[in-house]
Amino acid sequence: MDQYFQPISDSVTAVKAKTDEPYDYSLMITGITGSGKSSLCGFLCCNKEAFKSKGGFASITSKSAAAAVTLQDKRIRLIDTPGFCDDYETEEQHMDEIGEAMFLARKGVHAVGLAIGAGNRYTKSNNAVVKELSQISNKLWPFTFIAFTNADSLGNTEEEREAALQKNLSKDRCPPPLFQLLQSVKNRYILIDSTDKTADYHRLKVQQLMEMIKRIHIENSQKLYTNELFNKAKEMQEKILEEKEAIKKKKKMADFKAKFEAEAKLQQEKVAEEVRITEKLAKQKQENLQKRLEGEEQAMLKERENQIAKIEEQKQKLAEENKKIQEDIERLRLETPEIQEDEHHELEVQAGEEALEEL
């Protein structure tokens, strides 16, 4: 079956020499790293070496690659793209790679196959691909179908696999982002086991794929997703990225301002707290000093009162002693006549002196 495969190129430089090579349909396969898109391309080419593919964590397809393959007497230009969500690439680089893929399509893309592992859990990475493709252009969805790969993980027969997939895609089990994606592509999908190399299975899947491409071509009024549409989308994407960068820069400044204000506020609160503590300590110190002074004053007053009391007690004691002395003197006078005569004589002398003074 190798006669079906005729490689075109794996680089843009080599393709330029054959841009006039005619083809009936162009099919671009994309998806996250490890989704099985390169295996799918190899399966369609009937040659596993057409597009490199192996298990692992790194993206094998680092550049867009194109090959020409004849399916049902139709010349197909098959384009494999680098995996989305590759840790080594940015959104801008992916846009450039999609632009390269668009160049390989030359006239435009008839259909885009979004590879998603059928047996894998629908992850944030899958959703990121949808987001990136949406940012490229919503006009891409009318040309897109989902290629559920790794069909062998759902069962042994085609009937078992289809039944399992239908069950997983039911509204009550299907993850909301995947359900919304199916709505965006009008529920267009095919289920493929890239490891099945039998002629009958290959013929069946090629037939389903060709019917899908023709259906999309008819639904789009035989129009293609062209470089012109992509370039407009790219310009819009670049504008969006610039706006995002401006918003990011503005947010960074706002965050810096908020951080600065928060630190300033924290510093003010710290200073205010230190002032409050200092004032509290000063007040406590003043109150303690006041209490100490009041205590000392009370002690001095008490000491003075004690001294006054002692003086009063001494005065009382002296008064009592003086009274006793007077009583003793009076008693002695009454008991001794000589003392009474002397006192009488003194009174007479005193009376004579007063009379002389009057004369």
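Residues numbered from 1 in each chain as written. Predicted model: local features only at pLDDT ≥ 70, side-chain atom pairs only at ≥ 80, totals over all residues. Heavy atoms only, no water.

Q: Help me understand the environment of Thr157 in this model?
A: With respect to the secondary-structure elements, Thr157 resides in the loop between β6 (144-149) and α5 (158-168). A distance of 3.1 Å separates the side chain of Thr157 from the backbone nitrogen of Glu160, its partner in a polar contact. (Helix = DSSP H or I, 4+ residues; strand = E, 2+ residues; numbered from the N terminus. Polar contact = N/O pair within 3.5 Å; in protein donor to acceptor, adjacent residues only side chain to side chain.)

Q: Would you take a moment to explain the side chain of Lys37 for this structure?
A: Relative to the elements of secondary structure, Lys37 occurs in helix α2 (residues 37-45). Reaching out from Lys37, the side chain makes a polar contact with the side chain of Asp80 at a distance of 3.3 Å.

Q: Explain the pairing of strand β5 (residues 111-117) to me, please; I cannot follow it from the model alone.
A: Walk down a regular strand and you will see the side chains alternate between the two sheet faces. Within β5, seven of the seven residues are buried, leaving the element largely enclosed by the surrounding structure. The alternating pattern of β5 places Ala111, Gly113, Ala115 and Gly117 and Val112, Leu114 and Ile116 on opposite faces, both of which are buried. Relative to β5, strand β2 (residues 25-31) runs parallel, the two sharing five bridges. Note on β5: the bridge partner recorded for Gly31 is Ala115. Note that β5 and β6 share six bridges and pair parallel. Looking across to β6, one finds that Ile116 is bridged to Phe148. (Buried < 20%, exposed > 50% of the residue type's maximum accessible area, 1.4 Å probe, protein only. Pairing = 2+ DSSP bridges.)

Q: Just checking my understanding: could you explain the confidence of the model for the chain for this structure?
A: Detailed conclusions should not be drawn from predicted coordinates in areas where pLDDT is low. Taken as a whole, the chain shows an average pLDDT of 76; of its residues, 74% reach a score of 70 or greater. Ignoring residues within four places in sequence, the model shows residues 1-19, a span with pLDDT below 50, making 38 contacts including any to other chains. Here residues 48-61 is a poorly scored stretch, pLDDT under 50, and it has 30 contacts once near neighbours within four places are set aside; other chains count. (pLDDT = per-residue confidence, 0-100. Contact = heavy atoms within 4.5 Å.)

Q: How do you make sense of the nonpolar core when you look at a structure like this?
A: Side chains of a nonpolar character, in soluble globular proteins, are inclined to be buried together. Among the nonpolar cores identified, the biggest contains 35 residues, and Leu27, Leu78, Phe145 and Leu209 are the most heavily contacted of them. Of all elements in the fold, only β2, α2, β3 (65-71), β4 (74-80), α3 (91-105), β5, β6 and α7 (199-219) reach the threshold of two or more residues within this core. The greatest single-element share of this core, amounting to seven residues, is contributed by α7. Residues contacting Leu27, with those up to four places away along its chain left out, are Leu44, Ile76, Arg77, Leu78, Ile79, Ala111, Val112, Gly113, Phe145, Leu209 and Ile213. (Core = buried A, V, L, I, M, F, W, Y, C linked by side-chain atoms within 4.5 Å.)

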